[in-house]
Amino acid sequence: MFGFLNIDKPLGITSHDVVAQVRRLLHIKKVGHAGTLDPLATGVLIVAVGGATRLTDYVMHQTKQYRARVKFGIVTTTYDAEGQVTASVSAEHITPDDIQAVLPRFIGEIDQVPPMYSAIKQGGQKLYDLARAGVEVERAARHITIHDIQIIEYAPPELIIDVTCSAGTYIRSLAFDLGAALGVGAHLSGLIRTSSGRFMLDEAVTLEALAVASDATAYLISPQTALIDWQMVVLDDAAQDHLLHGRSIPVQGGAQAITAMGYNNAGRLIAILEAHGDVWKPSKVFPPTDD
């Protein structure tokens, strides 16, 4: 078992709950997820199985797409529907033109302040632990990229938008900031992750379908498929042996990237390679015992 599952996370459970269910269904302990979804969010959750848990950094930092529901006029502590209401005003006067006028502020490379209710650590403590203790601290803005925001529907006071963004973007913060820009406040009332890199919602499997599958491993997506955007190096037997023993191999044909994925002739990932001059050095190796 060495690969990824594209899970359609249901409403009301945590990403850790999904991991726990996959562990039980596949009878394997080594399971993790790449990119957290809040309990009130649904959609694409990448779950890594077996040795692929060491690859989560390579799949989670890809472009994401979301369908978000933003409710104007109500601000909450968590920036979503789960939190306590801290302000409430009428937002019926907000027009589509008003929204369209402020959207350009949030498109491109921007600095975004994460919500207090987040897993980011500050001073060694997770922000949501501080928030639950009634402590609010100043958060440093994080550099993110929002590639596109499309208005799908607006039925005051609720707006539905499609967002294409970099990893690390908080859609809850985007909802809060949109409301602030319009002077009425807002919170995120619903969220679906429709894609994460090459993982698409219409190709995702539900936990229910996984539970009744005659062979749940048939849903596993290989690292070669999941990491298709990375440079691929095909390794012969001698090169595999060198890498599995921590030795470098020559770069053949030039390095198109600093990092590459080294596969054997059968398409199995053997090592993550780092270019150093005219050699590839193994950054991580995946011996057959990882399967």
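Before reading on, note that the structure itself is shown above.
A quick note: this is a predicted structure, and the numbers were derived from the prediction, not measured.

A.B. asks: Would you explain unusual backbone geometry in this entry?
C.D. replies: Residue Pro156 is joined to Pro157 through a cis peptide bond whose omega torsion reads 5°. As for its position among the elements, Pro157 is in the loop between β10 (142-155) and β11 (158-165). Backbone geometry at His27 places phi at a positive 55°, although glycine is not the residue there. Tracing the backbone shows His27 in the loop between α1 (15-26) and β2 (31-34). Residue classification places His27 among the exposed residues on the basis of a relative accessible area of 73%. Unusually for a residue other than glycine, Tyr79 sits at a positive phi of about 70°. Within the fold, Tyr79 resides in the loop between β5 (74-76) and β6 (85-88). For Tyr79, a relative accessible area of 12% gives the class buried.

A.B. asks: Just checking my understanding: could you explain the packing of aromatic side chains for this structure?
C.D. replies: Aromatic rings in a pair are described by how distant their centres are and how their planes are angled relative to each other. Under the definition given, this model contains five aromatic pairs. Summarising the aromatic geometry, the rings of Phe4 and Phe199 are spaced 6.2 Å apart at their centres and angled 75° between planes, so their arrangement reads as edge-to-face. Here the residue Phe4 occupies a position in strand β1 (residues 2-9), and Phe199 occupies one in strand β13 (residues 199-200), the gap between them amounting to 195 residues. Judged by centre distance (6.3 Å) and plane angle (75°), the rings of Phe72 and Tyr154 are edge-to-face. Here Phe72 is found in strand β4 (residues 64-72), whereas its partner Tyr154 is found in strand β10, with 82 residues between them in sequence. Taking relative accessible area as the criterion, Phe72 reaches 2% and is therefore assigned buried. Cation over ring: Arg198 sits above Phe199, and NZ or CZ is 5.4 Å from the ring centre.

Rules of the game
- Throughout this description, residue numbers start from 1 for each chain and increase along the sequence as written.
- The model is predicted, so local features are restricted to residues of pLDDT at least 70 and side-chain atom pairs to those at 80 or more, both for listing and for counting; the totals for chains, interfaces and linings are taken over all residues.
- Side-chain numbers come from the whole structure's heavy atoms, not from hydrogens or water.
- Secondary structure counts use DSSP, requiring at least four H or I residues in a row for a helix and at least two E residues in a row for a strand, with both numbered from the N terminus.
- Under the scheme applied here, a residue whose accessible area is under 20% of the maximum for its type counts as buried, over 50% as exposed, and between as partly exposed, the area being computed with a 1.4 Å probe on protein chains only.
- Centre distance within 6.5 Å is the pairing criterion for rings of Phe, Tyr and Trp, where only the six-membered ring of Trp is used; planes under 30 degrees apart are then read as stacked, over 60 as edge-to-face, and the remainder as tilted.
- Throughout this description, the term charge over a ring refers to an Arg CZ or Lys NZ atom that lies within 6 Å of the ring centre and within 35 degrees of the ring normal.

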